[in-house]
Amino acid sequence: MCVEQRAYFLRKLRDWKESIVEESRATMAQLQVDSLREPDIADRASSETDWSIELRTRDRQRKLIAKIDSAVRRLYDGEYGYCEVTGEPISLARLEARPIATMTLEAQEKHERIERVSRDD
């Protein structure tokens, strides 16, 4: 991977992380402003459900931030863009679609097949 490509993916990862952090800040600010004290029980239940979904989404994004940070570390270590299983380069198209990818498409598919078989047992 050339210097320009590394810089591109570093920028892409940092922008993605900043976007997630900004969304989280907005959610937290909204949680502090909104109150779940709806007078109608159905409205309250609906609000609680909406917030539950929002908080689950934020939790998934928190985990995604850890993966983004890991990808940035791999970029600085010179390991970014190489499969952690086979050591082969990950295609630029795959990295463009999923910048946090740690495996080639073939290795990921194999991993998922093995996972599916062991889960069925």
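Conventions used here
- Think of each chain on its own: its residues are numbered from 1, step by step along the sequence as written.
- Local features in this predicted model are restricted to residues whose pLDDT is 70 or higher, and side-chain atom pairs enter the listing and the counts only when it is 80 or higher, whereas totals over whole chains, interfaces and linings include all residues.
- Side-chain descriptors were evaluated using all non-hydrogen atoms of the structure, hydrogens and water having been removed beforehand.
- Within 6.5 Å between ring centres, the rings of Phe, Tyr and Trp (the latter by its six-membered ring) count as paired, and their orientation is classed by plane angle as stacked under 30 degrees, edge-to-face over 60, tilted in between.
- Helix numbering and strand numbering both begin at the N terminus, where a helix is a DSSP run of H or I of at least 4 residues and a strand a DSSP run of E of at least 2.
- When accessible area is computed with a 1.4 Å probe and restricted to protein chains, residues below 20% of their type maximum are described as buried, those above 50% as exposed, and intermediate ones as partly exposed.
- Under the convention used throughout, the expected extent of a helix is 1.5 Å for every residue step, that is, one less than its residue count.
- What qualifies as a polar contact is a pair of N or O atoms within 3.5 Å, subject to a donor-acceptor requirement within protein and to the restriction that residues adjacent in sequence count only when both atoms come from side chains.
- Only heavy atoms matter for contacts: two residues are in contact if any of them lie within 4.5 Å across the pair.

What am I meant to see in the packing of aromatic side chains here?
We describe a pair of aromatic rings using the distance from one ring centre to the other and the angle between the two ring planes. In this structure the tally under the stated criterion is 2 aromatic pairs. Ring centres 5.1 Å apart and planes at 75 degrees place the aromatic pair Y8 and F9 in the edge-to-face group. Note on F9 and Y80: the rings are 5.7 Å apart at their centroids and 50 degrees apart in plane angle, and the pair reads as tilted. Taken together, the residues F9 in helix α1 (residues 3-33) and Y80 in the loop between α2 (41-77) and α3 (92-97) connect sequence positions 71 residues apart. Here the two residues F9 and Y80 agree in accessibility, since each one is buried. Taken together, the aromatic side chains of Y8, F9 and Y80 make up a single cluster linked through ring pairs.

Sorry, what's going on with α2 here?
At 3.6 residues per turn, the α-helix brings residues three or four places apart onto the same side. In this model α2 runs 54 Å from its N-terminal to its C-terminal C-alpha over 37 residues, within 8% of the 54 Å that 1.5 Å per residue would give. All of the buried residues along α2 are S47, W51, R58, Q61, L64, I65, I68, A71, V72, R74 and L75. In the stretch just after α2, G78 is the one whose phi turns positive, near 80 degrees.

Hey, could you run me through the side chain of T104 in this one?
The topology assignment puts T104 in the loop between α3 and α4 (105-120). Given the relative accessible area of 6%, T104 is considered buried. Within the structure, T104 has its side chain in polar contact with the backbone nitrogen of A107 (distance 3.2 Å). Non-local contacts of T104, meaning those with residues more than four positions away in its chain, are made with C83, T86, E88, P89, I90 and R94.

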